[in-house]
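Structural characterization, general
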Amino acid sequence: MQSEKTGMQFLDVIKNRRSIREFLDKPVTDEVLTQILETGFSAPFAAQLCSVIYTRNRDKMLEAGLWTYPTAQVHLIYFIDLVRLEKIMTKRGHLYGYDDMMAIWLGVQDVSLMVENLTIAAEALGLGSVLYGLAPLKADEIAKTFNVPKRVFPVVGMSIGYPDPEENTEIRPRFPLEMAAFENEYRHHSDDDIDLCMKKMDEGYISQGYYIKSKTKVPLEDKEDTIGFDKYSWSEHISRKFRSAFRIGNPLIEILRRHGFDLD
Ligand SMILES: Cc1cc2nc3c(=O)[nH]c(=O)nc-3n(C[C@H](O)[C@H](O)[C@H](O)COP(=O)(O)O)c2cc1C
């Protein structure tokens, strides 16, 4: 067990974490990387259904269709991995017969915990990280570039490195705790609750000038965009992301099927 003081320092490391997108030109040594990876793999697991491929070669990421922040030093892709388990089962004389959807779910759980552990480990050693959520949609290119077999599937990408102090990132807001953590039963959010959620997020992002600085805006394909960068907020951004703009058919399930998952 940790002492209370160490425990509080540990919580501070987690609470002060923020995504890093600008990095120093300082290599991440093999020793540091191994320490981070080992900490990642010490996360709780359902069935160790995760693997990670890492590279210091950004061109390989670009070849795999994954744009990464240019100054990052190491790039990682986390996978759900059913192949290793199936090989173990074969040695044990058992035939895989699990529901693939549930296996994917367990895999995402395993990967998520590992990624978070790894994020914290990097942070504790003075490094920073950022994730890339679109990796699953690049599964074809990733498989080709990194020689990945079927039934091993990318969940998320990541870059790490030593943060550039010039970047000056701030801690992003979160929903008020009581709007997302409920004792005993679900909170059916009222209109006022939703206003509160939006206010906390939007005022936070706007006061930090997040969208002005990053010049990020999801374009509107079907109507005029009347919101300037000064008023463009988190709730507008996330709403635009989840409307039709990114919906082209139902790509993920088809990609999963192409990669050997039985989802019928
Ligand atoms: C699954 C996932 C995918 C993400 N994808 C991206 C991404 O593609 N590009 C990016 O710049 N940040 C990405 N992020 C980082 C989020 O934007 C960031 O975590 C969020 O805005 C909260 O900010 P913070 O990490 O600084 O607290 C991703 C985060 C998660 C958890």
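See the structure shown above.
Residues numbered from 1 in each chain as written. Predicted model: local features only at pLDDT ≥ 70, side-chain atom pairs only at ≥ 80, totals over all residues. Heavy atoms only, no water.

Describing the overall build of the chain
To keep it simple, the criterion reads: Strands are runs of DSSP state E lasting at least 2 residues, helices are runs of H or I lasting at least 4, and numbering of each runs from the N terminus. Only protein chains enter the area calculation, which uses a 1.4 Å probe; residues under 20% of their type maximum are buried, those over 50% are exposed, and those in between are partly exposed. For this analysis, residues touch if any pair of their heavy atoms sits within 4.5 Å. When charges are counted, Lys and Arg contribute as positive and Asp and Glu as negative, whereas His and the chain ends are disregarded. To locate a charge, take atom NZ for lysine, CZ for arginine, CG for aspartate or CD for glutamate.
In terms of helices and strands, the chain carries 10 helices and 4 strands. Along the chain, from the amino end to the carboxyl end, the secondary structure elements read α-α-β-α-β-α-α-β-α-β-α-α-α-α. Judged by the C-alpha coordinates and their principal axes, the chain covers about 60 × 45 × 45 Å. Each of the 264 residues in the chain was classed as buried or not, and the buried ones make up 38%. Summarising the internal contacts of the chain: among those between residues at least 6 apart in sequence, 74% fall at separations of at least 24. Of note, the chain has its 33 positive side-chain charges centred 3 Å away from the centre of its 40 negative side-chain charges.

With respect to helix α4 (residues 83-91)
Put simply, the rule is: Taken from the helix axis, the directions to the C-beta atoms give the arc we talk about.
Within the span of α4, buried status applies to V83, E86 and M89. For α4, the angular spread of buried residues about the axis comes to 120°, placing them on one side. Seen from the buried face of α4, the exposed residues on the opposite side, beyond 90 degrees, are K87 and K91.

Quick word on the environment of L125
Looking at where L125 falls in the secondary structure, it is placed in the loop between α5 (100-124) and β3 (128-132). For the pair L125 and P163, spaced 38 residues apart in sequence, the C-alpha to C-alpha distance is 11 Å. Ignoring any residue separated from it by four or fewer positions in sequence, one finds L125 in contact with V32, Q35, I36 and Y162.

A few points about the site of the ligand
The condition that has to hold: A single heavy atom is enough: if one lies within 4 Å of a molecule or strand, its residue is considered near that molecule or strand. Identification of polar contacts relies on pairs of N or O atoms within 3.5 Å, with a donor-acceptor requirement for protein atoms, meaning one able to donate a hydrogen and the other able to accept it, and with residues adjacent in sequence counted only if both atoms are side-chain atoms. In this description, accessible areas are obtained by the Shrake-Rupley approach with a 1.4 Å probe, and a residue is regarded as covered only by the protein chains that are shown. Ten residues, namely Ala, Val, Leu, Ile, Met, Phe, Trp, Tyr, Cys and Pro, are considered nonpolar, four, namely Asp, Glu, Lys and Arg, are considered charged, and the remaining ones, Gly among them, are considered polar.
Taken together, R17, R18, S19, R21, Y69, V130, L131, Y132, G133, R172, R174 and Y205 are the residues near the ligand. Between the ligand and the protein, one listed contact pairs an oxygen atom with a side-chain N or O atom of R17 at 3.0 Å. One of the backbone N or O atoms of L131 is found 3.1 Å from a nitrogen atom in the ligand. Coverage of the ligand by the protein amounts to 62% of the 610 Å² it exposes when considered alone. The residue makeup of the shell around the ligand, split by class, is 5 nonpolar, 2 polar and 5 charged.

Considering helix α7 (residues 191-207)
Short version of the rule: By this rule the span expected of a helix is its residue count minus one, scaled by 1.5 Å.
Taking 1.5 Å per residue, 17 residues should reach 24 Å; α7 reaches 24 Å between its end C-alpha atoms and fits that length. All of the buried residues in α7 are D193, C197, M201, D202, G204 and Y205. End-on, the buried residues of α7 take up no more than an arc of 160°, which puts them together on one face. Summarising the geometry of α7, the exposed residues directed more than 90 degrees from the buried face are D191, D192 and S207. Contacts made by the buried residues of α7 are with α8 (210-214) and α9 (234-241). Once α7 ends, the next one or two residues include G209, with phi positive near 65°.

Points about the nonpolar core
Note the following rule: By convention a nonpolar core is built from buried Ala, Val, Leu, Ile, Met, Phe, Trp, Tyr and Cys residues, the set being connected through side-chain atoms within 4.5 Å.
The biggest cluster of nonpolar side chains holds 34 residues, and the ones touching the most others in it are I36, L76, Y78, L118, L127 and I160. Every element with two or more residues in this core is listed here: α2 (30-41), β1 (50-55), β2 (74-81), α5, β4 (152-161) and α10 (251-258). No other element matches the 9 residues that α5 contributes to this core. Counting residues in each nonpolar core, the second largest holds 12 residues, with L66, I77, F79 and I142 among its members.

Thoughts on unusual backbone geometry
Positive phi outside glycine occurs at Q48, with the angle close to 50°. Inspection of the secondary structure puts Q48 in the loop between α2 and β1. By relative accessible area, Q48 is classed as partly exposed at 42%. The phi dihedral of N168 is positive, around 55°, even though this residue is not glycine. Relative to the helices and strands, N168 is located in the loop between β4 and α7.

Things to note about the pattern of salt bridges
Defined as follows: By salt bridge we mean one thing: a side-chain nitrogen of Lys or Arg within 4 Å of a carboxyl oxygen of Asp or Glu.
Applying the stated criterion to the full structure yields 15 salt bridges. Linked by salt bridges that have partners in common, K217, D225, E236 and R240 make up one network.

By themselves, these are just geometric observations and shouldn't be taken as functional.
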